[in-house]
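# Analysis of the macromolecular model
Read off the chains here:
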Amino acid sequence: MRNFQPCQKPQSCALVIFGVTGDLTKRLVIPSLYNLAAAELLPERFCVVGVARCGILNEALRESLMKGLHQFATRPVEDKVANRLLECITSVEADPDDGPSFDRLKEQLERLESARDTGGNRLFYLATPPDVFAPIVRQLGRLGLLKEDHGAWRRLVIEKPFGTDLASARALNAELLNILNEHQIYRIDHYLGKETVQNILVLRFANGMFEPIWNRHHIDHVQIIVDEQLGVGHRGSFYDATGALRDMVPNHLFQLLSLIAMEPPRHFDAHNVRSEKDGVLAAIQTQSEEEALKNSVRGQYTAGKIGDTEIPDYRKTPGVRPDSATETYVAMKLNIDNWRWAGVPFYLRTGKALAMKHTEVAIKFRETPFAMFRCTPVEQLAENYLVICVEPTEGITLQFNTKVPGPVIRIDGVQMKFLYKDYFKSEPATGYETLIYDCMIGDNILFQRADGVEAGWRAVQPFLDAWKRVGSKGLEFYPAGSEGPPGAFELLKRDGRSWRKL
Ligand code: BG6
């Protein structure tokens, strides 16, 4: 969690959470609000309106959120802090298919705002399934609840998935922008709440030594790896309609890619940072369907074991079609069409039920131009990598060659490691604290803008189209607990490269 010590408390406001009885609220939103409360970073005058489709009494809601908090809090729960937070929460029943229920929501919200003297500032948080994003916004728009007036701000937080392809993302953006201005919309990608992800900007732009070599003259290629150990679990029906690409690539992996590949922004503000990030996504080379097939690998896991846990065959997961062609693993090669990156491939991979949980970006530098050391040909030297590890061990590693002590020149690869935990003490956090705090103070640097979301979908659309056309043809299978499908390793081998060994 960001070191909040010098931070200001946000202005007074009402937080309206749609989907208050759902998983996301219980696992992430309430534990994050708790951490903010413990750090005294919630507004002085504050209220939370918890909206659910089926009515729930205040006491029952608070009790269930308290239970969830004890289960998911990232630190020991202090009753005093938790009670103070939960006392701010009022339950309201509203269903976007039922207009009058939203009229009642408006009345209750206004009553609470005046009782708590929150000054009219409102943060609407859509922690709901995506099919109700637009209907909720339409109802809020109809009642004028999103209109900024009398100096009060009105903001909307929207979770992923933001659309399921380019057309649906465009349609959702159009719906939102019909009612709200872009500056009022906070499209969350939880990867941007991670310290090491935010640190990519600092690594690149607060140090003079990396930028001169951060280009095609010195970098051979970039690997973005997001391996997951968990299988699909209880999310079968959502996942089977989604797949690894939609679930992870245009959002989380592209956030990593854009931070690594963007041009230096003129200022550290939302407009400049997001323009540079979105610019690089827009420069991802558009592939034809044939190229997309050649430059991608899809895998699906079969039964296997991870540690002591038996993972069932993906197709036997509840909610998954028995003949499903949905990918649980994707590897792909992308190119960026600009002066900095032309000819530098970006290899991306992500998958479920793999041998280990590991997220990193590895920058592979070019080889030395010739073999000066007679006994060690260039190709036997250790590869030069700068590795940004996001999980499990947050840190940065530089891999280079060094002389092995002794009378003759022998060379071996070594690693210089910076680990966060060696330098900084931080409270365990959910990663959402920073994001929710930023919504309250009106800083949208860490949120996606409409054009960025659309550029991401545009880059993956040829892959979606090509896979839809060929169905299960080309889908590879890999046992749970393995390193993934062999094709993913072939994809790099074909170019004379290989994935970094984890
Ligand atoms: C979510 C995906 O957005 O990110 C999940 O829907 C995935 O399928 C998760 O497991 C990964 O997040 P993290 O922070 O564990 O890498």
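Residues numbered from 1 in each chain as written. Predicted model: local features only at pLDDT ≥ 70, side-chain atom pairs only at ≥ 80, totals over all residues. Heavy atoms only, no water.

Per an unreviewed UniProt entry, the chain goes by Glucose-6-phosphate 1-dehydrogenase and derives from Bradyrhizobium jicamae. The annotation that UniProt attaches to the chain under Pathway (unreviewed entry) is "Carbohydrate degradation; pentose phosphate pathway; D-ribulose 5-phosphate from D-glucose 6-phosphate (oxidative stage): step 1/3." Regarding the chain, the UniProt comment filed under Catalytic activity (unreviewed entry) reads as follows: "D-glucose 6-phosphate + NADP(+) = 6-phospho-D-glucono-1,5-lactone + NADPH + H(+)". (UniProt positions renumbered as here; feature names shortened; annotations may be inferred.)

### As for the site of the ligand
The ligand sits among Lys-160, His-190, Tyr-191, Lys-194, Glu-228, Arg-235, Asp-247, Met-248, His-252, Lys-352, Lys-357 and Glu-391. The separation between an oxygen atom of the ligand and a polar side-chain atom of Lys-352 is 2.7 Å. Coverage of the ligand by the protein chains reaches 80% of its 400 Å² of free accessible surface. Element by element, the count of residues in the shell around the ligand is highest for helix α9 (residues 243-261), at three residues. Of the residues assigned to the shell around the ligand, the class counts are two nonpolar, two polar and eight charged. (Near = heavy atom within 4 Å. Polar contact = N/O pair within 3.5 Å; in protein donor to acceptor, adjacent residues only side chain to side chain. Areas by Shrake-Rupley, 256 points an atom, 1.4 Å probe, with all protein chains shown as cover. Helix = DSSP H or I, 4+ residues; strand = E, 2+ residues; numbered from the N terminus. Nonpolar A, V, L, I, M, F, W, Y, C, P; charged D, E, K, R; others polar.)

### Some remarks on the sheet that holds strand β5 (residues 154-158)
In sheet architecture, strand pairing relies on hydrogen bonds along the backbone and comes in two forms, parallel and antiparallel. Here six strands make up an open sheet; going across it, the order is β3-β2-β1-β4-β5-β6 and the pairing parallel. With partners counted over all chains shown, the strands left at the sheet margins are β3 (89-93) and β6 (185-187), one partner each. On average, each strand axis in the sheet is inclined to that of its neighbour by 20 degrees, with strand direction left out of account. Summarising the sheet, strand β4 (residues 122-126) and β5 pair through five bridges and their orientation is parallel. Across the sheet, the residue bridging to Tyr-125 is Val-157, located in β5. Each of β1 (13-18), β3 and β4 touches helix α1 (residues 23-38); the most contacted strand, β1, lies at about 165 degrees to it. Across the sheet, helix α4 (residues 99-116) is in contact with β1, β2 (46-52), β3 and β4; its angle to β2 comes to roughly 165 degrees. (Pairing = 2+ DSSP bridges. Axes fitted to C-alpha atoms, helices over the stretch in contact; angles between N-to-C directions. Contact = heavy atoms within 4.5 Å.)

### With respect to the environment of Leu-348
Along the polypeptide, Leu-348 turns up in strand β12 (residues 346-351). A sequence separation of 171 residues divides Leu-348 from Leu-177, and the C-alpha atoms of the two residues are 32 Å apart. Excluding anything up to four places from it in sequence, Leu-348 contacts Ile-224, Val-249, Leu-253, Phe-254, Leu-257, Val-330, Ala-331, Met-332, Leu-334 and Trp-499.

### Concerning the nonpolar core
Phe-18, Phe-346 and Leu-348 are the most contacted members of the largest nonpolar core, which totals 148 residues. Sort the elements by how many residues they give to this core and α9 lands first, with eleven residues. (Core = buried A, V, L, I, M, F, W, Y, C linked by side-chain atoms within 4.5 Å. Buried < 20%, exposed > 50% of the residue type's maximum accessible area, 1.4 Å probe, protein only.)

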